[in-house]
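# Geometric and topological summary
One-letter residues, chain by chain:
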Amino acid sequence: MSAYSDTFCQLDVLLTQKRAFWQFMPFACHEYPWQHSHPALSGWLDSLTDQDVANLLQDTAALIDELAVFLPALPEVHQLADIPLLPLVSEVSPHLPRGLDVGIPGRKWQQVLAFNAVLPSHQLPWLEWCAGKGYLGRVLAACHHTQVTSLEWQQSLTLAGQSAADQLGLPMTFVQADAFAPESASVIRPDQHAVALHACGDLHVSLLERGAAKRTAAVSVSPCCYHLIRHDTYQPLSAPAKASELRLSKHDLRMPLQETVTAGQRVKQQRFVEVSYRLGFDALQKHLTNNDAYLPVPNVQKALLKNGFADFCRWAAAQKGLQLPQEMDYLYWQRLGKPAFERSSVWSWFARLFADRLKCGWFLTGRCLWKRPDIKCLWAHSAINPSHQEIL
């Protein structure tokens, strides 16, 4: 445990000292937060072309070497947070009964197989937390030939999951329950291996806490959507993390999930349209209100973006209670959104260099310091790439 403690403390100091480089909102900034303290770094970032950025993001080692000229502490942050890959304990593509993958999207299926391949076999019944239709449970039941209890909140999913399991002849029992409700603890037992694949935000935390309280033999989780929490800021579990000066907002927790390097061209174009529209509207509202503060607007239905920038502005103004002039040069404000998008994109991926280390290092080692020594607890991160598993 001392190794985890030392790593956490070092990461905590480095990340706290370097908060200016990762704990900011690119949309809300007019200049780099480090513009005056590190002008050479700012100039180097401004000089990068889109292709330069793409090349560097494909070669992390080269990127770290480049940035180390301006930020000597960055290699240390990455080295400290270099979480080892989990060893495979079974085949990634095991021989499975025919029809087991029916109805499961391809990417989800690959993630289920990758997660199963690193799960240790304790020969215990499984508890599948936030099971959905029980995709993971199907593979666990078929591979390990042990009982699976699948807890899911939505009745339609439990019915569909139970029907599919019955048709496949799998030993699975679905239980409809709210993972946050006290009664959900009734399905947790000491003689279980509890698992959660992509249990969003506090949902996986509820399993960790209740599993610890019930002295569950083993818990394996692969979380996602860290920002979907019930409080305004992240609530640490371990004493060292609680004592840290770092306070993580939902925006901070969302950063590791905003990776677009491997996204398809359609997704990239959609993101460009939405973000440039938002930034163009923000420039417009600042002009109209004579207020230089960034004004966030709610999530938008993607179909609305197809109607053009003017319609987006009318929608956003209505959401925020703003009155737009009848005569408006929307094209002018739309054009301002493009360079603002390019600037914020560079700032965002730079901040994510720290955010990724934060997630893999500070976040996970902090959890290591909390977990009970009598519980075999596995932490596997696969939210972006199911082949990249990490252990807690």
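For the structure, check the block above.
Below is a summary of the structure that appears in this document. (Residues numbered from 1 in each chain as written. Predicted model: local features only at pLDDT ≥ 70, side-chain atom pairs only at ≥ 80, totals over all residues. Heavy atoms only, no water.)

## Section: the overall build of the protein
What counts is decided by this rule: The secondary structure listing takes helices from DSSP runs of H or I that are at least 4 residues long and strands from runs of E that are at least 2 residues long, numbered from the N terminus. Each residue is placed in one exposure class: buried if its accessible area under a 1.4 Å probe, protein chains only, is under 20% of its type's maximum, exposed if it is over 50%, and partly exposed if it falls in between. Any two residues whose heavy atoms approach within 4.5 Å are treated as being in contact. Where accessible areas are quoted, they stem from the Shrake-Rupley method and a 1.4 Å probe; at the residue level, only the protein chains shown are allowed to cover.
For the protein, the helix and strand inventory stands at 15 helices and six strands. Counting the 392 residues in the protein, one finds 51% classified as buried. Counting contacts in the protein only where the partners sit at least 6 residues apart, residues at least 24 apart contribute 72% of the total. As displayed, the protein has an accessible area near 18900 Å², and 53% of this comes from carbon and sulfur atoms.

## Things to note about the nonpolar core
Where we set the bar: We call a set of buried residues a nonpolar core when its members are Ala, Val, Leu, Ile, Met, Phe, Trp, Tyr or Cys and they connect through side-chain atoms within 4.5 Å of each other.
Counting residues in hydrophobic clusters, the biggest one holds 45 residues, and the most contacted among them are L41, W44, L45, W349 and F350. Every residue in contact with F350, bar those within four places of it in the chain, is listed here: F21, W34, L41, L45, L67 and L71. Grouped together as the second largest cluster of nonpolar side chains are 22 residues, V139, L140, A165 and L197 included.

## Some details on the environment of G169
When you line up the elements, G169 lands in the loop between α8 (155–168) and β3 (172–176). Placed 27 residues apart in sequence, G169 and A142 show a C-alpha to C-alpha distance of 9.3 Å.

## Considerations on the packing of aromatic side chains
Which entries qualify depends on this criterion: What counts as a ring pair is set by centres within 6.5 Å for rings of Phe, Tyr and Trp (its six-membered ring), and what kind of pair is set by the plane angle: stacked under 30 degrees, edge-to-face over 60, tilted for all other angles. Charge-over-ring placement is defined geometrically: NZ (Lys) or CZ (Arg) within 6 Å of the ring centre, and within 35 degrees of the ring normal.
Scanning all chains against the criterion turns up 13 aromatic pairs. For the ring pair Y234 and W362, a centre distance of 6.3 Å and an interplane angle of 65° mean the geometry is edge-to-face. Here Y234, found in the loop between β5 (218–224) and α10 (239–243), pairs with W362, found in helix α15 (residues 330–368); they are 128 residues apart in sequence, far enough to count as distant. The exposure class assigned to Y234 is buried, which follows from its relative accessible area of 11%. For W362, a relative accessible area of 1% puts it in the buried group. Consider the rings of Y332 and W333, whose centres lie 4.8 Å apart with planes at 85°: the pair is edge-to-face. Taking the relative accessible area as the measure of exposure, W333 reaches 11% and is therefore buried. Through successive ring pairs, a cluster of aromatic residues spans Y277, F309, F312, W315 and Y330. Positioned above the aromatic ring of F180 is the side chain of R230, whose terminal nitrogen or guanidinium carbon lies 4.0 Å from the ring centre.

So yeah, pure geometry; function would need other evidence.
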